[in-house]
Each structure stands twice: as structure tokens, then as C-alpha cells.
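Here are the chains, one letter per residue:
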Amino acid sequence: MRKYEDTYRHKGLRKKLVELLKEKGITDEKVLEAINTIPRHFFLDTAFDEIAYEDRAFPIQQHQTISQPYTVAYQTQLLEVKPFDKILEIGTGSAYQACVLAEMGAQVFTIERQKTLFDFIKKFPFKNKYPNIKFFYGDGFEGLPTYAPFDKVVITAAAPYIPEKLVAQMKTGGKMVIPVGETGDGKVQQMLRITKMEDGSLQKETFSNFSFVPMVEGKNN
């Protein structure tokens, strides 16, 4: 049974992680502050406590991963999060990314397609710190039309294409950060930032390559 203790040692390791993220080019102070605030080890099995603040991904349930802190910081920085932004997140996973966004003052709507993972997160006590996160079990490709439109959309899995339904749920001027490309051995995806223009067209910006687990259609019981 995990004890939710955030020791001086953990805080020191987080500070070192933040310094590393700065060295890697993360400049948004609010992103860095959120990562410095949130105990990443809470989101992992106790076996990972000593290495939870290394800048790498770790396995969680259902063959998913908690993203590398640099990836979380990179996507969040590209989103240009403002307080009270209404953000749709596709792929709750461990809920670490959702908590980073919520710590920055956003209203977060996050979808998880793995029922086992969704049920596990529902019982995760740390999430109660953030009443500004709403959790949904569903198909990420469908989004949440009932709650649209959104200021921002972030996809935390490798998408084979830009999902039109998610674009339709963005406000004019809204931004989507999405890794697009094939998955598999040695494959990488390009991080895109898409801005929805007044005429409905999309402005696409291309950034670095990353490696994500695939975004899959449908729900998994």
C-alpha cells in the first residue's frame, strides 16, 4: 500500500529534474513550477520511488506508460496554457499530465479508453487536490462533444492522423498539440501544434520527434 509522503529527498530530486528540463530548453516558468510542485512518485508503483524523478518514461497498468517529464513539459509548453483554459486531454494514463495542466489553473477534461486504468485513477487520492479535472471513460477519437468547444486539445498518444472530430470541438483560435505518425519498432512521431483559424482552416507548426504509445480507436473493457 502506497504512503503518500513527499519527503525532502523527493523535493530535492524534483528540483534537479526541473534544472535538467531547463537545460533541455523548457523555458515556461509556469510549466516548470507545476512539475516542481507535483510529486511524480505518487503516480508510480512504490518500486520506482528512487528513480521516479529520472527524465524517462515508466510502465503503468494496461501496457501504458507515464510519459517522460521532458515530453510532458514540452507538450504543455507548446499548449501555452492560461488560467481557466478549457483543455481536452486524450489519454489520461497515470493522470500526471492532467494534474500538471490543472496545477497551472486549467479546466481539464480527460478521456481514458482503458477501463481498468480509468477505474484505478478514480480511486487515486491525489487527484482530489484538483477538482478542476473531470475524468471520462471513452473513445479519444470521439472527444467530448457535449462539453465542447475547448480552448486547447492535447493528445498524449501517437495519432495516425489529425482527428477531424477533435478539430471540430476546438474554439476558433484554439490550439491542439498532437504527435502524428506511425508507431512500431524504431518509429517516431512529429509533434505538431495546430491552430484553428477564423475561416476554419488549420495552421500547422512542426516541432521535434518523439516516441509515444499508439492512439487507438474505441474503448477497452
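Located above this text is the structure these notes cover.
Now for a quick tour of the structure. (Residues numbered from 1 in each chain as written. Predicted model: local features only at pLDDT ≥ 70, side-chain atom pairs only at ≥ 80, totals over all residues. Heavy atoms only, no water.)

Observations regarding the pattern of salt bridges
Side chains that carry opposite charge are capable of pairing whenever their charged atoms lie near each other.
At step 1: With the rule as written, the count across this model stands at 14 salt bridges.
At step 2: Among the salt bridges present, the one from Glu-54 reaches Arg-56, with a minimum N-O distance of 2.7 Å.
At step 3: You can call Glu-54 partly exposed: its relative accessible area is 34%.
At step 4: According to the relative accessible area criterion, Arg-56 is partly exposed, its value standing at 38%.
At step 5: Through salt bridges with shared partners, a single ionic network connects Glu-80, Arg-193 and Glu-205. (Salt bridge = Lys/Arg side-chain N within 4 Å of Asp/Glu carboxyl O. Buried < 20%, exposed > 50% of the residue type's maximum accessible area, 1.4 Å probe, protein only.)

Some words on the pairing of strand S9 (residues 202-210)
At step 1: Inspection of the sheet shows strand S8 (residues 189-196) paired to S9 by 7 bridges, in the antiparallel sense. Residue Gln-189 lies in a different strand from S9, and its bridge partner there is Phe-210.
At step 2: Hairpin connection from S8 to S9: 5 residues lie between these consecutive antiparallel strands, with Gly-200 at a positive phi of about 90°. (Pairing = 2+ DSSP bridges. Helix = DSSP H or I, 4+ residues; strand = E, 2+ residues; numbered from the N terminus.)

Side note on the packing of aromatic side chains
At step 1: Scanning the model with the defined rule gives 19 aromatic pairs in all.
At step 2: When the centroid spacing of 5.1 Å and the interplanar angle of 90° are considered together, the rings of Tyr-4 and Phe-42 count as edge-to-face. Residue Tyr-4 is found in the segment before helix H1 (8-23), and its partner Phe-42 is found in the loop between helix H2 (29-37) and strand S1 (58-59); the two are separated by 38 residues along the sequence.
At step 3: Under the relative-accessibility criterion, Tyr-4 is labelled partly exposed at 38%.
At step 4: A relative accessible area of 8% means that Phe-42 is categorised as buried.
At step 5: Chaining the aromatic ring pairs together yields one cluster made of Tyr-4, Phe-42, Phe-43, Tyr-96, Phe-124, Phe-126 and Tyr-130. (Phe/Tyr/Trp six-rings, centres within 6.5 Å; stacked < 30°, edge-to-face > 60°.)

A word on the layout of surface pockets
At step 1: Looking at the largest pocket, its volume works out to about 530 Å³.
At step 2: Among the secondary structure elements, those contributing two or more residues to the lining of the largest pocket are strand S2 (65-66), helix H3 (69-79), strand S3 (86-90), helix H4 (96-103) and strand S4 (107-112).
At step 3: Broken down by element, the residue count for the lining of the largest pocket peaks at 3 residues, all from H3.
At step 4: Residues belonging to the lining of the largest pocket are distributed by class as follows: 14 nonpolar, 16 polar and 3 charged.
At step 5: In this model, the second largest pocket occupies a volume close to 420 Å³. (1 Å grid on protein atoms, 1.4 Å probe; cavity = no way out; pocket = protein on both sides within 12 Å on 5 of 7 lines; lining within 4 Å. Points joined across faces, edges and corners; volume = space filled by probe spheres on them. Nonpolar A, V, L, I, M, F, W, Y, C, P; charged D, E, K, R; others polar.)

Don't take any of this as a statement about function, it's just geometry.
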